[in-house]
Amino acid sequence: MAFSMFIILFLLLPKAGILDFAVIPIALYAFFLYHKNKRLIITKELEIILFIWLILFLVALLSFIYHGSIYNAIIFKPIRQIILIIIFSIIFIHKEYTIQDLLKIVLIASTINSGVVLLQYMAHLTLYIDDLLIVPGFNEDITVIFRKPGLYTGYPPAGMMAVVGFVISFYFIKKKFALIYIVTLILSIVALMLTSRMALLIALLYSLFLIPYVAFSGKKQLLALVITIVSMIILIGVLISNEYVHRDTVKVMFELFINFANGEGIKSNSGTALVDSYIGNYPQYITTVLFGNGLTIKSDIGLTIDAGPQILLFGGGIITLMLYYYLFILYFKLSKIKEKDLYITYGLLFLLIFISNLKGAFLFGRPIGDAVLVLVIGSYFYYYKRKKGLIYAKQ
């Protein structure tokens, strides 16, 4: 119970600037386990990953020394990843679990946040309370009535976490017909419509694969999806008829489809801004290519940037950019997943990070980066302990 609770807290507690509330409880839990049994295993594969993070920290330090300033995520993220890998190495070597247990833990965290998103939305729309459960670090200047961040510091992170719940719900529905997973899927879909347009679009694209993949796996699975679709239609109808859906929710969240229906092509304001950002921002100096420019999410010409690759390039240089993506590949390999449904689920979650990082800083970031880190390190030690005969674990 404590094992699950501390990981859920890790995935839900806020991170405000450099103050990381999420790490404190999980670090204390790992310290307790280590103090009790004195077990910590850092394998060669983990040593390689930790060494690369150390290199990234040193590159960031050189950039800071050269420029006199640096975007704080570039220098603190390697430290955070090193700490988290050690923490979870301690936890997972001590505890017995299955990979399904890990997926359920992440699903619970995603579902809780989806519930908070819905609660915030209804509270603002009906009771005019606009700060319900809003966490430290959320920019109050971007508070709007038509979408909500849940327990995170932005709308996109909440949306991407809803996609995580969306994907994992499909995994469990394929494995077993159970009402609880239909509920988690419905809550994920609702949260997607109330958080991030990009997350909603990714989920819709995933649906083109997941719906037939699950539906054709059995009659019960098909029934579960039919129940989900019918329930969503009824729910949306009830909400709209009772004026529980703000008009701007439809206008903003479905902007892409509205523009397409109006003959304006598949485009949105944020999508156009993203393309302009990629086209108009290139390093102007060789030092930027090598070490970044020392500015906080700014290009060399002073324009604000928020696309993941640009933040890495301008924040830490080409070495940082390349090593981040190399680590991304190493993390996927580290999971050791071979079973088909698990491989597809993990693959979709990694693809989610890759796609979302094209628009925002989601590579090894909160919350989906943390969720995937839990799954990766947990899966690695699950197979490691089974291989070494430390425990007998049934997948």
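Below is a summary of the structure that appears in this document. (Residues numbered from 1 in each chain as written. Predicted model: local features only at pLDDT ≥ 70, side-chain atom pairs only at ≥ 80, totals over all residues. Heavy atoms only, no water.)

## Re the overall build of the chain
Link 1 in the chain: Within the chain, the regular secondary structure consists of 17 helices and 2 strands.
Link 2 in the chain: Radius of gyration (C-alpha) of the chain: 21 Å, near the 21 Å computed for a compact globule of 395 residues.
Link 3 in the chain: Within the chain, the proportion of its 395 residues that are buried is 52%.
Link 4 in the chain: Total accessible area on the chain is roughly 18,500 Å²; 69% of this is exposed by carbon and sulfur atoms.
Link 5 in the chain: Seen as two clouds, the 32 positive and the 19 negative side-chain charges of the chain have centres 13 Å apart. (Helix = DSSP H or I, 4+ residues; strand = E, 2+ residues; numbered from the N terminus. Rg over C-alpha atoms; globule rule 2.2 N^0.38 Å. Buried < 20%, exposed > 50% of the residue type's maximum accessible area, 1.4 Å probe, protein only. Areas by Shrake-Rupley, 256 points an atom, 1.4 Å probe, with all protein chains shown as cover. Lys, Arg positive; Asp, Glu negative; His and termini not counted. Charge placed at Lys NZ, Arg CZ, Asp CG, Glu CD.)

## A look at a nonpolar patch on the surface
Link 1 in the chain: A contiguous nonpolar surface patch, about 650 Å² in accessible area, is contributed by F51, L54, L58, L61, L62, F64 and I65.
Link 2 in the chain: Relative to the assigned elements, F64 resides in helix α3 (residues 44-67).
Link 3 in the chain: Assessed through its relative accessible area of 37%, F64 is described here as partly exposed. (Patch = residues over 30% accessible without salt bridge, like charges linked within 9 Å, V, L, I, M, F, W, Y side chains within 5 Å. Salt bridge = Lys/Arg side-chain N within 4 Å of Asp/Glu carboxyl O.)

## A few points about a negative patch on the surface
Link 1 in the chain: On the surface, a cluster of negative charge is made up of D130, D131, E140 and D141.
Link 2 in the chain: With respect to the element layout, D130 can be found in the loop between α5 (99-127) and α6 (155-175).

## A word on the environment of P78
Link 1 in the chain: Within the secondary structure layout, P78 lies in helix α4 (residues 72-94).
Link 2 in the chain: Looking at P78, the relative accessible area reads 0%, which means it is buried.
Link 3 in the chain: Beyond its immediate stretch of four places on either side in the chain, P78 contacts W53, L56, F57, A73 and Y324. (Contact = heavy atoms within 4.5 Å.)

## A few points about the nonpolar core
Link 1 in the chain: Within the largest apolar cluster, 124 residues are counted, with the highest numbers of intra-cluster contacts made by F88, I91, F92 and F166.
Link 2 in the chain: Discounting chain neighbours no more than four positions away, the residues touching F88 are I7, F10, I26, L373, V374 and I377. (Core = buried A, V, L, I, M, F, W, Y, C linked by side-chain atoms within 4.5 Å.)

## Here's the deal with unusual backbone geometry
Link 1 in the chain: Residues R366 and P367 are joined by a peptide bond in cis, for which omega reads -5 degrees.
Link 2 in the chain: Within the element layout of this structure, P367 appears in the loop between α16 (340-357) and α17 (368-388).
Link 3 in the chain: A positive phi angle is found at K38, which is not glycine, with a value near 55 degrees.
Link 4 in the chain: Among the secondary structure elements, K38 is positioned in the loop between α2 (23-37) and α3.
Link 5 in the chain: With a relative accessible area of 51%, K38 lands in the exposed category.
Link 6 in the chain: Of note, L133 is a non-glycine position whose phi angle comes to about 55 degrees, a positive value.
Link 7 in the chain: Within the secondary structure, L133 is located in the loop between α5 and α6.

## A closer look at the pattern of salt bridges
Link 1 in the chain: As enumerated under the stated definition, the model contains 7 salt bridges in all.
Link 2 in the chain: D341 is paired through a salt bridge with K174; the nearest N and O atoms lie 3.3 Å apart. With D341 in helix α16 and K174 in helix α6, the pair connects residues that are 167 residues apart, well separated along the chain.
Link 3 in the chain: For D370, the salt bridge goes to R366, with nearest N and O atoms at 3.0 Å.

## Here's the deal with the packing of α2 against α4
Link 1 in the chain: One way to put it is that α2 packs onto α4 with a least axis distance of 9 Å and a crossing angle of 45 degrees. Judged by the angle between their axes, α2 and α4 are oblique. Seen along the crossing, α2 lies across α4 with a hand that is left-handed. Counting all contacts with α2, which are made through V23, I26, A27, Y29, A30, L33, Y34 and N37, the residues of α4 involved are R80, L84, I87, F88, I90, I91 and H94.
Link 2 in the chain: Taken together, the residues of the contact of α2 with α4 break down into 12 nonpolar, 2 polar and 1 charged. (Axes fitted to C-alpha atoms, helices over the stretch in contact; angles between N-to-C directions. Parallel < 35°, antiparallel > 145°, perpendicular 65-115°, else oblique. Left-handed = near helix turned anticlockwise from the far one by under 90°. Nonpolar A, V, L, I, M, F, W, Y, C, P; charged D, E, K, R; others polar.)

All quantities given are derived from atomic positions and should not be read as evidence of function.
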